[in-house]
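So the chains spell out like this:
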Amino acid sequence: MRILVTGGAGYIGSHTCILLVEAGYDIVVFDNFCNASKESILRVDKIVGKTIPLIEGDIRNKEDLTRAFEAYAIDAVIHFAGLKAVGESVEKPLAYYDNNIYGTLILCEVMAAHGCKSIVFSSSATVYGDPHSTPITEDFPLSATNPYGRSKLFIEEMLRDLYVSDSEWQIILLRYFNPIGAHESGTIGEDPNGIPNNLLPFIAQTAIGTRACLSVFGDDYDTVDGTGVRDYIHVMDLADGHVKALDKMHTFSEVMTINLGTGKGYSVLEVLKAFERTSGKNVPYVIAPRRTGDIASCFADPSYAQKILQWRAKRGIEEMCKDSWRWQSSNPNGYKC
Ligand code: NAD
Ligand code: UDP
């Protein structure tokens, strides 16, 4: 079975490529490298011991996608390609709607034109907005507080409409919580452009000395120690969730919406301490004001994924931090030598 992996050179995509190949899937990576390096795929090639076909192209460009579908008989798509920075999405909403929503629309059109109607989509826990309680189940009310989140919500709706129009489509919406960590080899990992927005890359870059000090955004939330609580999930567990979703896809007769999280929340300070323990590094921090748009607490009820995919996250916070540190310390400049 041949899978087109859009955004396959990115953080989650590159890790998923490894498990897809190991599970026996043939894959083709499709990426425009707007937020990735070709080096990530070269390193994935090394890990899996074969050369993964790579098509450089943009999901908004029909000709680029058609090239991929004409060169390979694609059975299903895992659709990671998208822009993902919340702050940037507030500054450039049209760029987010164009890339994420319009790009997905073009992708679906080209898929349908080639008789490929199976898609696993990267959604996000951000579609739950500020949840009324935790843990979060898939039937919680949906909302968005920024254009990035809204792009995920619209795409979910668009894919649901597509299924209503044609039930041959097989659609799985995976709502990720907070992916961190890296492949255990330490050769691939998260390589953000510029100053990291996300907690773990910021901690790791502070530990290595690229950043002077972590700002902890708020210590007056109603949480265990006042700092924000999130459901951090090892990227390899997340990758495994995609393989399980593909394996089971043919058994579903409706659009499936599935949380991928661990079910356990950790505060910013708890993550910081776990990182310091596993890396042996001291990470200086200051308490800073709350970040606009942040919520106090967000963690999954992952029981539906367990029931429906027989999937659950296996790796704990220490392993996540250890693997993040291995990647960061062996690649202080990420993929840039
Ligand atoms: P990433 O930026 O590392 O990967 C996205 C990849 O898509 C990159 O390689 C980028 O070059 C590519 N891309 C973007 N626009 C494209 C386009 N128009 N055409 C072709 N390729 C394009 O991000 P990631 O962390 O690996 O996230 C993957 C997906 O998961 C995204 O859709 C993201 O919104 C979603 N997601 C991520 C997180 C997270 O915290 N990392 C959480 C929830 C959901
Ligand atoms: N956070 C922080 N300092 C940072 C980055 C993040 O204190 O430099 C906090 C943030 O306020 C949130 C948690 O870490 O409580 C996770 O933030 P991240 O941006 O990684 O994920 P998201 O907010 O999207 O869940």
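Residues numbered from 1 in each chain as written. Chains lettered and ligands numbered in written order. Predicted model: local features only at pLDDT ≥ 70, side-chain atom pairs only at ≥ 80, totals over all residues. Heavy atoms only, no water.

Visitor: Whenever I open this one, the site of ligand 2 confuses me. Can you help?
Guide: Neighbouring ligand 2 are 14 residues, the closest being L199, S215, R230, R291 and D294. Measuring from an oxygen atom of ligand 2, one finds a side-chain N or O atom of R291 at 2.8 Å. When ligand 2 is considered free in solution it has 510 Å² of accessible area, and contact with the protein chains removes 87% of it. No other element matches the 4 residues that strand 8 (residues 214–217) contributes to the shell around ligand 2. The class makeup of the residues in the shell around ligand 2 is 6 nonpolar, 5 polar and 3 charged. (Near = heavy atom within 4 Å. Polar contact = N/O pair within 3.5 Å; in protein donor to acceptor, adjacent residues only side chain to side chain. Areas by Shrake-Rupley, 256 points an atom, 1.4 Å probe, with all protein chains shown as cover. Helix = DSSP H or I, 4+ residues; strand = E, 2+ residues; numbered from the N terminus. Nonpolar A, V, L, I, M, F, W, Y, C, P; charged D, E, K, R; others polar.)

Visitor: Just to check I follow, could you spell out the pairing of strand 5 (residues 118–124) for this structure?
Guide: On a regular strand, each side chain points to the face opposite its neighbour's, so the side chains alternate between the two faces of the sheet. By the criterion of burial, strand 5 is predominantly enclosed, with 7 of the 7 residues buried. Because side chains alternate across strand 5, one face comprises the buried residues S118, V120, S122 and S124, and the other comprises I119, F121 and S123, equally buried. By the bridge criterion, 3 bridges tie strand 4 (residues 76–79) to strand 5 in an arrangement that is parallel. Looking at the pairing, V77 lines up with I119 of strand 5. (Buried < 20%, exposed > 50% of the residue type's maximum accessible area, 1.4 Å probe, protein only. Pairing = 2+ DSSP bridges.)

Visitor: So what exactly am I meant to see when it comes to the site of ligand 1 here?
Guide: What surrounds ligand 1 is a group of 28 residues, the closest being I12, D31, N35, K84 and Y148. K84 is positioned with one of its side-chain polar atoms (N or O) 2.8 Å from an oxygen atom of ligand 1. At 2.9 Å, a side-chain N or O of N99 approaches a nitrogen atom of ligand 1. Taken by itself ligand 1 offers 830 Å² of open surface, and the protein chains cover 96% of this. Where the shell around ligand 1 is concerned, the elements lending two or more residues are helix 1 (11–22), strand 5 and helix 6 (147–165). In terms of residue count, the dominant contributor to the shell around ligand 1 is strand 5 (3 residues). When its residues are assigned to classes, the shell around ligand 1 shows 13 nonpolar, 10 polar and 5 charged.

Visitor: Can you help me understand the pattern of salt bridges in this one?
Guide: Where side chains of opposite charge bring their charged atoms close, a pairing between them can arise. For the structure shown, the criterion picks out 22 salt bridges. With a closest N to O distance of 3.2 Å, E157 and R160 form a salt bridge. With E157 and R160 both in helix 6, this residue pair falls 3 residues apart, about one helical turn. Here E157 falls in the partly exposed class, since its relative accessible area comes to 38%. With a relative accessible area of 22%, R160 lands in the partly exposed category. K273 is the salt-bridge partner of E276, the closest N and O atoms lying 3.4 Å from each other. Linking E276 with K273, this pair stays in helix 9 (residues 268–279), spanning 3 residues, or about one helical turn. Given the relative accessible area of 37%, K273 is considered partly exposed. Look at the salt bridges and you will find they share partners, linking E156, E157, R160 and R175 into a network. (Salt bridge = Lys/Arg side-chain N within 4 Å of Asp/Glu carboxyl O.)

Visitor: What is the right way to read the nonpolar core from this model?
Guide: Looking at soluble globular proteins, one finds that nonpolar side chains tend to be buried together. Formed by 47 residues in total, the largest nonpolar core has its most connected members in I27, I172, L246 and I258. Setting aside its immediate chain neighbours within four residues, I258 contacts E138, I172, L173, L174, R175, Y304, A305, I308 and L309. Judged by nonpolar contacts, the second largest core, of 27 residues, contains V77, I101, W169 and L173. (Core = buried A, V, L, I, M, F, W, Y, C linked by side-chain atoms within 4.5 Å. Contact = heavy atoms within 4.5 Å.)

Visitor: Would you mind going over the pairing of strand 4 with me for this structure?
Guide: Going residue by residue along strand 4, you find A76 and I78 tucked away on one face and V77 and H79 tucked away on the opposite face as well. Direction of pairing for strand 1 (residues 2–6) relative to strand 4: parallel, over a ladder of 4 bridges. Bridge pairing in strand 4 links T6 to H79.

Visitor: Help me out: how do you make sense of the sheet that holds strand 2 (residues 26–31) in this one?
Guide: Backbone-to-backbone hydrogen bonds join strands into a sheet, with any given pair of strands oriented parallel or antiparallel. The 7 strands lie next to each other as 3-2-1-4-5-6-11, forming an open sheet whose pairing is parallel. Only two strands of the sheet have a single partner each, and these edge strands are strand 3 (54–56) and strand 11 (256–260). Neighbour-to-neighbour, the strand axes of this sheet turn through a mean angle of 20°, independent of strand direction. Along the sheet, helix 6 contacts strand 5, strand 6 (170–176) and strand 11; its crossing angle with strand 5, the most-contacted strand, is approximately 155°. (Axes fitted to C-alpha atoms, helices over the stretch in contact; angles between N-to-C directions.)

Visitor: Looking at this structure, how should I read the state of the cysteines?
Guide: As used in these notes, a disulfide is a covalent bond between sulfur atoms, one from each of two cysteines. Summed over the entire model, instances satisfying the criterion amount to 0 disulfides. Of the cysteine sulfurs around C34, a residue in no disulfide, the closest is that of C17, at 16 Å. Residue C34 is classed as partly exposed on the basis of its relative accessible area of 44%. No disulfide involves C298; its nearest neighbouring cysteine sulfur is the one of C321, lying 18 Å away. (Disulfide = S-S within 2.5 Å.)

Visitor: Sorry, what's going on with the sheet that holds strand 12 (residues 266–267) here?
Guide: The mixed open sheet is built from 3 strands, whose spatial order is 12-9-14. Every other strand in the sheet has two partners, leaving strand 12 and strand 14 (297–298) as the edge strands with one partner each. Sheet topology places strand 9 (residues 229–230) next to strand 12; 2 bridges connect them, and they run antiparallel. Directly across from V229, in strand 12, lies its bridge partner S267.

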